[in-house]
Amino acid sequence: MNVSIILPARNEARSLAKLLPQLKETCPQAEILVVNDGSTDDTVEVCKNAGVSVFTHSSSLGNGAAIKAGARHATGDVFVFMDADGQHLPEYIPVLLDKLEEGYDMVIGARKRESHAGTPRYMANLFYNKLASYMSGHAVQDLTSGFRAVKANVFRKFLHLLPNGFSYPTTITMALFRSGYQLEYIPINCDEREGSSHIRLFKDGVKFLLIIFRVTSLYSPLKIFAPVSGILFLLGLSYYAYTFTFYSRFTNMSMLLLVSAIIIFLIGLISEQITFLMYSQNQKDDHDSK
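Quick summary incoming for the structure in this document.

Strand order in the open sheet formed by 7 strands is β3-β2-β1-β4-β6-β5-β7, with mixed pairing between adjacent strands. Each edge of the open sheet carries a strand with a single partner, namely β3 (53–57) and β7 (183–188). Across the sheet, the axes of successive neighbouring strands diverge by a mean angle of 20°, strand direction being ignored. Looking at chain direction, strand β5 (residues 106–111) and strand β6 (residues 148–151) are connected through 3 bridges and run antiparallel. Counted as the bridge partner of Ile108 is Arg148 from β6.

Right, dumping it as structure tokens:
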């Protein structure tokens, strides 16, 4: 396979000095592209000394923006994305590629329990995995892992959906699942990162939740609208039973809750039909392009 290894980097000169030689030794035929996201350290010099390609943002645009820039400039048929902070081990790249050759569209390195940076982050990631599994209808083992191999032509179809921040893994995972592509996970260990993380647990955690709901609303709206409609309907029915039992009447609040439930369900149903038509058109365009 013609492979491009893409590393978004912001002030990761220290870890890149160790990582880049390891990558060249492990994958000597691969294109290695570092996207320098407005670093103020020696990231560019380290990349040039290592003999790898570097694309620079004059200011920091975000991890997702660096990923998108790398995908636009890379020449490989397969992209391998990994962090530049030293967490991801190059030895797993051949494992990801071997699994990809079995017919999958994307293979993700799922971090083992001991590889998560502390219990709070592990619990948060576990919650995101469970929620994403429900939303997508597939088992999501590590929603936020940035270590993955994916077919370039598949990844580029979803560039317009990817945010500029740290939630690109969330978006691409949900989008590929909901679009019917084949994903697989392999368990991996991670080293401790060099320096401090740029991710903030609560601030970026809220963004991850919003991304899950946004992508789900694009591909399966009823997963969101149906539960909300069901809750409102049960509340309206329960309140009607209460007021009828004790006051022998049907109140405006019961009517409001029941009508709201019906309207929300119908909105979800219409949205589902729209996304079905959109998905069918995308499938037709893919077929025609072949």
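Orientation of helix α1 (residues 13–26) relative to helix α2 (residues 43–50), taken along the N-to-C sense of each, is 20°, at an axis distance of 9 Å. In terms of their interaxial angle, α1 and α2 are classed as roughly parallel. α1 and α2 meet at a crossing whose hand is right-handed. Contact residues: α1 offers Ala13, Leu16, Ala17, Leu20 and Lys24, while α2 offers Thr43, Val46, Cys47 and Ala50. Class assignment of the residues belonging to the contact of α1 with α2 gives a composition of 7 nonpolar, 1 polar and 1 charged.

Of the pairings in the sheet, the one linking strand β2 (residues 31–37) to β3 comprises 5 bridges and is parallel in character. Of the residues in β3, the one forming a bridge with Leu33 is Ser53. As for the winding sense of the linkage, the β-α-β connection from β2 through α2 to β3 is right-handed.

Here the focus is the pattern of salt bridges. One pass over the structure, following the stated rule, counts 3 salt bridges. Between Lys151 and Asp105 there is a salt bridge; the shortest N-O distance is 3.6 Å. Of this pair, Lys151 sits in strand β6 while Asp105 sits in the loop between α4 (93–100) and β5, and the two are 46 residues apart along the sequence. On the accessibility criterion, Asp105 (11% relative accessible area) is buried. Across the salt bridge formed by Arg111 and Asp142, the nearest N and O atoms sit 2.8 Å from each other. With Arg111 in strand β5 and Asp142 in the loop between α5 (119–136) and β6, the pair connects residues that are 31 residues apart, well separated along the chain. Among the residues examined, Asp142 registers a relative accessible area of 0% and is labelled buried.

Another point: the packing of α5 against helix α7 (residues 168–178). Where α5 meets α7, the closest approach of the two axes is 10 Å, and the angle between their N-to-C directions is 25°. One way to sum up the angle between α5 and α7 is to call them roughly parallel. Here the hand of the crossing between α5 and α7 comes out right-handed. On the side of α5, the interface is formed by Ala132, Met135 and Ser136, while α7 contributes Met174, Phe177 and Arg178. Across the contact of α5 with α7, the residue classes tally to 4 nonpolar, 1 polar and 1 charged.

Next up on the list: the packing of aromatic side chains. One pass over the structure, following the stated rule, counts 10 aromatic pairs. Ring geometry for Tyr242 against Phe246: centres 5.2 Å apart, planes inclined by 50°, an arrangement best described as tilted. Placement of both Tyr242 and Phe246 in helix α9 (residues 222–247) is noted, with a separation of 4 residues, approximately one turn of the helix. Taken together, a centroid distance of 6.1 Å and an interplanar angle of 75° make the contact between Tyr242 and Tyr247 edge-to-face. By relative accessible area, which is 40% here, Tyr242 ends up partly exposed.

As a further point, take helix α3 (residues 63–73). Across the 11 residues of α3, 9 count as buried, placing the element largely inside the fold. Of all the positions in α3, only Asn63, Gly64, Ala65, Ala66, Ile67, Lys68, Ala69, Gly70 and Ala71 are classed as buried. Looking at the buried side of α3, the elements it contacts are β1 (3–9), β2, β3, β4 (78–81), α6 (152–156) and α7.

Take the environment of Lys18 next. Relative to the assigned elements, Lys18 resides in helix α1. Residues Lys18 and Gly86 lie 68 residues apart in sequence; the distance between their C-alpha atoms is 8.0 Å.

Scoring rules and cut-offs
- Residues numbered from 1 in each chain as written.
- Predicted model: local features only at pLDDT ≥ 70, side-chain atom pairs only at ≥ 80, totals over all residues.
- Heavy atoms only, no water.
- Pairing = 2+ DSSP bridges.
- Helix = DSSP H or I, 4+ residues; strand = E, 2+ residues; numbered from the N terminus.
- Axes fitted to C-alpha atoms, helices over the stretch in contact; angles between N-to-C directions.
- Parallel < 35°, antiparallel > 145°, perpendicular 65-115°, else oblique.
- Left-handed = near helix turned anticlockwise from the far one by under 90°.
- Contact = heavy atoms within 4.5 Å.
- Nonpolar A, V, L, I, M, F, W, Y, C, P; charged D, E, K, R; others polar.
- Right-handed = clockwise from strand over helix to strand, strands pointing away.
- Salt bridge = Lys/Arg side-chain N within 4 Å of Asp/Glu carboxyl O.
- Buried < 20%, exposed > 50% of the residue type's maximum accessible area, 1.4 Å probe, protein only.
- Phe/Tyr/Trp six-rings, centres within 6.5 Å; stacked < 30°, edge-to-face > 60°.

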